[in-house]
Amino acid sequence: MNGLLNLLIGLAMGLNLVALGTSRLPSLIRVAALQGVVLGIMPLVIEQEFRGLLLVVAAATMAMKGLVIPALLRRAMRTANIDRDLYPLIGFVPSLLLGAAGMMGAVVLARRLPLLPEHHESLLVAGAMASVFTGLLLLIGRSKAISQVCGYLILENGIYLFGLLLIHSVPLLVEGGILLDLTVAVFVIGIIVDRIQRAFDTLDTRKLTVLRE
Amino acid sequence: MKELLLILVPLVAAAAAALWPHNRTRPWFLPAAGLAHAFLAFGLLLNPPAAPYHAWLGFDPLARAMLPAVSLLFLGCSAYGVPYLRLRAERSNRVFVPAFLAALGLMSAAHMARHLGVLWIATEAVTLCSVPLLHFNNTPRAFEATWKYLLVGGTGIALSLLGSFCLGYASLHGGGVGDLTFTGLMAQGQGLSRPWVLIAWVLLLVGYGTKMGLAPMHTWKPDAYGEAPGIVGAMLAGGVTTVAFTAVLRVRAVVDAAGAGVVASRTLLAIGLFSTLVAALFLLSARDFKRMLAYSSVEHMGILSIGAAVGGIGLWAAFFHVWNNSMTKGALFLSAGNIRRAAGGRTIDEVSGMSLITPRSAALFVAGLFAVTACPPFGPFFSELLIVKSAFATGHGLAAALFLVCLLLAFFGLTRVVFAIVYGRPRQAAREMDPRFRETLAVIVPPVVLLLLSLVLGLATPDLLREAWTAAVQQLSPVL
């Protein structure tokens, strides 16, 4: 079970690097969506049984992260009719190098943290930390509102990975609540993105500089 | 089960308001729900429900010490909301009123949350509910503020989720069976895995500290408070921050029980002092009187953290200060809203002589200024004095001295802005003031009442509240 799980986590970590290296908005959205689907499969791999509620949560995660949210972002991108190129505040090569360094740091750090015996062989903690770091890097290093949302999604994916450590102890009700909250959060962000576009005629957050000290 | 009504009543009112067809009468849902909520909250303050509480949600001593203050502030804001929304009749309030009501229900839930996950869900939901409130004015500036609020607040709240998971893992690693209620976590005490507890504490403090607006995670605050309508600013500064403070206190009690209380106190003290310092420095250069209130709020959040860091009497004083903060911030934001509306500007470069144009609001604003800068006989003076005294008594002399210097600087900064806009000759722009705006009783009475409550809290603190705060301190540090 750990082998397959680690394979999926490795895939998610690889997608982090792709997200940092891509220079086009549509491919960034695609990467975030694909990572979401990979994450959605994981609870089924961990539990290895197909209880009803678990299936529902996994399916909902995949549908939300893989279909609904990316569709929303693509729509925002299309209606806003924005330039598909990303203008990075932190260049692609530096971001990739930072991302790779962060990934290695995460693996080293995860080895040093006290873990339960059943998590010793798993990459969950390392993958979670690497994704959180990637998400923060994208949030800081990209200027388009939609690419920042993608950064936020990857940050969330990292937290979701960490949450899988607790899959046996967090009641599914709470898990469902968390999923719902995150989904609504992205919806709200999507709406605001739309309004910003209308108000400013741009989605470049570098233009949002009226309010400053 | 009566305590669940605190959550249900506002949520039901929100649903009803969303379905209500008339824009003109919809705002009346606000005071109606506010009144019902206040009655319930004070009823429960008088007759607290007997322990044991439900594992996930309960009106425990901590909720009892905080929630009535928020309820009172909401009542004041909702009474002001009716005339305010009448002035803004051209904008539909179909989203605003339900979101405002839902925020109250969710804030109640967050105060009463006794489970790590439930606490996070409620806090996040409060954040999302306030988004439509922030951009009610629909100006580009409002959207810019909302975007920053979402991005900074969203990241903060995401980190607090990560922190919650880390705390959960600390329990799991220490042999826990996955009981994520605060009672369960505290009972596990030393059994919690220490490295994970420390990681969780840092993440949760950063996460909920963002919501509170502690420096350096306060960057969303001036924008949001500056652009939001007055009642929203008041609710954010006096209600949402209280929610986040409650969350920090609940987590800190677990960290305490795990034997890392010294680390927690030290970080709280450092971040509290840093917040007061940053706020004081920014206040010295503030020109916009609504943004000024945001920095004042950062300062007061710093004061709360310092009180919580000192512990014991200091923590008791922090509860006292929560009440004072809610009342004075309410009075200030509402009177600032009046001045803003009449003046048509917000910086000291555009506005002056408001004592001639809106004499009552200007007088209130000055009185509120004295209250918020802790001049006697207003409540904040007594709570801050108590915090300073207990800091000296527990050997935090240096911190207390720095704290007093910051308070003095903040006082200079605040008085500079307030007197610049109140005195002098009115500017041309203000003479062509908003023709619909009159200083009617409806927009003056709510801030006056809130200010009077702050006065009463200072001069004659009700024994009932004293007892409630003591009970809350005992809940958080059972050894004392």
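The structure presented is a predicted model; accordingly, all values stated were derived computationally and were not measured. (Residues numbered from 1 in each chain as written. Chains lettered and ligands numbered in written order. Predicted model: local features only at pLDDT ≥ 70, side-chain atom pairs only at ≥ 80, totals over all residues.)

(A) View of the overall build of chain A. Counting its secondary structure elements, chain A contains seven helices and zero strands. Ordered by position from the N terminus, the helices and strands of chain A form the series α-α-α-α-α-α-α. (Helix = DSSP H or I, 4+ residues; strand = E, 2+ residues; numbered from the N terminus.)

(B) Examining helix α1 (residues 5-19) of chain B more closely. Residues and elements named next belong to chain B. Taking 1.5 Å of rise per residue, the 15 residues of α1 would be expected to cover 21 Å, and the 21 Å separating its terminal C-alpha atoms lies within 8% of that figure. Of the positions making up α1, those classed as buried are L6, I7, V9, P10, A13, A14 and A17. As for α1, its buried residues are in contact with α2 (29-46) and α4 (96-112). (Expected span 1.5 Å × (residues − 1). Buried ≥ 20, exposed ≤ 12 C-beta atoms within 10 Å, placed from the backbone. Contact = placed C-beta atoms within 7 Å.)

(C) Examining unusual backbone geometry more closely. Residues and elements named next belong to chain B. Here the residue pair A215 and P216 is connected by a cis peptide bond, since its omega of 0° sits within 30 degrees of zero. Examined against the element boundaries, P216 turns out to sit in the loop between α8 (194-212) and α9 (220-227). Residue P377 is bonded to the preceding P376 through a cis peptide linkage, with omega at 5°. Locating P377 in the fold gives a position in the loop between α14 (359-372) and α15 (379-393).

(D) Local environment of the interface of chain A and chain B. Taken together, the contact between chain A and chain B spans 34 residues of the former and 34 residues of the latter. Those elements that provide at least two residues to the side of chain A that touches chain B are α5 (124-141), α6 (145-163) and α7 (172-200) of chain A. If you tally residues by element for the side of chain A that touches chain B, the top one is α7(A), at 13 residues. Tallied by class, residues from the side of chain A that touches chain B come to 25 nonpolar, five polar and four charged. (Nonpolar A, V, L, I, M, F, W, Y, C, P; charged D, E, K, R; others polar.)

(E) Representation of helix α2 (residues 25-47) of chain A in the model. Residue and element names in this part refer to chain A. Over its 23 residues, α2 extends 35 Å from the first C-alpha to the last, a length consistent with the 33 Å expected when each residue adds 1.5 Å. Residues of α2 that are buried: L25, L28, I29, V31, A32, A33, Q35, G36, V38, L39, G40 and M42. Downstream of α2 by a residue or two, Q48 has a phi angle that is positive, lying close to 55°.

(F) Summary view of the packing of α4(B) against helix α10 (residues 230-285) of chain B. Residues and elements named next belong to chain B. Orientation of α4 relative to α10, taken along the N-to-C sense of each, is 25°, at an axis distance of 9 Å. Between α4 and α10, the crossing angle belongs to the class labelled roughly parallel. Like other packed secondary-structure pairs, α4 and α10 cross with a definite hand, here left-handed. Of the residues in α10, those in contact with A103, M107, A110 and H111 of α4 are M235, G239, V240, V243 and T246. The class makeup of the residues in the contact of α4 with α10 is six nonpolar, three polar and no charged. (Axes fitted to C-alpha atoms, helices over the stretch in contact; angles between N-to-C directions. Parallel < 35°, antiparallel > 145°, perpendicular 65-115°, else oblique. Left-handed = near helix turned anticlockwise from the far one by under 90°.)

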